[in-house]
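Chain and residue survey
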Amino acid sequence: MGALVMELAVLVLPLYDGSSVLSSVLGEGFPFRAQVAYLLTLFSQAVAILIGLMFLRRGRATMASGVFLGLLVILGLRVISSIVTSIDGWVWQSAVVLGLQTMEWALLFLAARAAKQQGT
């Protein structure tokens, strides 16, 4: 549950020029279809976390563990790309986003390990 909160915090907190990622997407004047497609892309990891939690509640711990491990790989790639793209202009917002993503990674790791232990 904590990983879901961290994922949503990155999207909602006003870290980029006083606005959040979510508000900048909705305020650009894109067509509705483009906004829906972009929002689905933004919230895909949050939806995957919810799916993993549903698997865990239904007693399918091995499947939940696989979902969480897959998210770990994706989040690791996202952190690497954030570091590479922000090398030139490292600001405090980049450090906050990387910190939140690192906490999310740790919580997903703990959830995957707990789910795996519950499944065996």
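This is a predicted model, so every value here is computed, not measured.

Our focus in this paragraph is helix 4 (residues 44-57). The end-to-end C-alpha distance of helix 4, which contains 14 residues, comes to 20 Å, matching closely the 20 Å that a straight helix rising 1.5 Å per residue would cover. Along helix 4, the residues classified as buried are Q45, A46, A48, I49 and G52. Along the axis of helix 4, the buried residues cluster in a sector spanning 160°; they form a single face. Note on helix 4: the residue one or two positions beyond its end, G59, has a positive phi of about 85°.

It is worth spelling out a nonpolar patch on the surface at this point. Taken together, V73, L77, I80 and V84 make up a surface patch of nonpolar side chains, about 410 Å² in accessible area. Examined against the element boundaries, V84 turns out to sit in helix 5 (residues 61-85).

Parameters and conventions
Residues numbered from 1 in each chain as written. Predicted model: local features only at pLDDT ≥ 70, side-chain atom pairs only at ≥ 80, totals over all residues. Heavy atoms only, no water. Helix = DSSP H or I, 4+ residues; strand = E, 2+ residues; numbered from the N terminus. Expected span 1.5 Å × (residues − 1). Buried < 20%, exposed > 50% of the residue type's maximum accessible area, 1.4 Å probe, protein only. Arc of directions from axis to C-beta. Patch = residues over 30% accessible without salt bridge, like charges linked within 9 Å, V, L, I, M, F, W, Y side chains within 5 Å. Areas by Shrake-Rupley, 256 points an atom, 1.4 Å probe, with all protein chains shown as cover. Salt bridge = Lys/Arg side-chain N within 4 Å of Asp/Glu carboxyl O.

None of this, on its own, says anything about what the molecule does.
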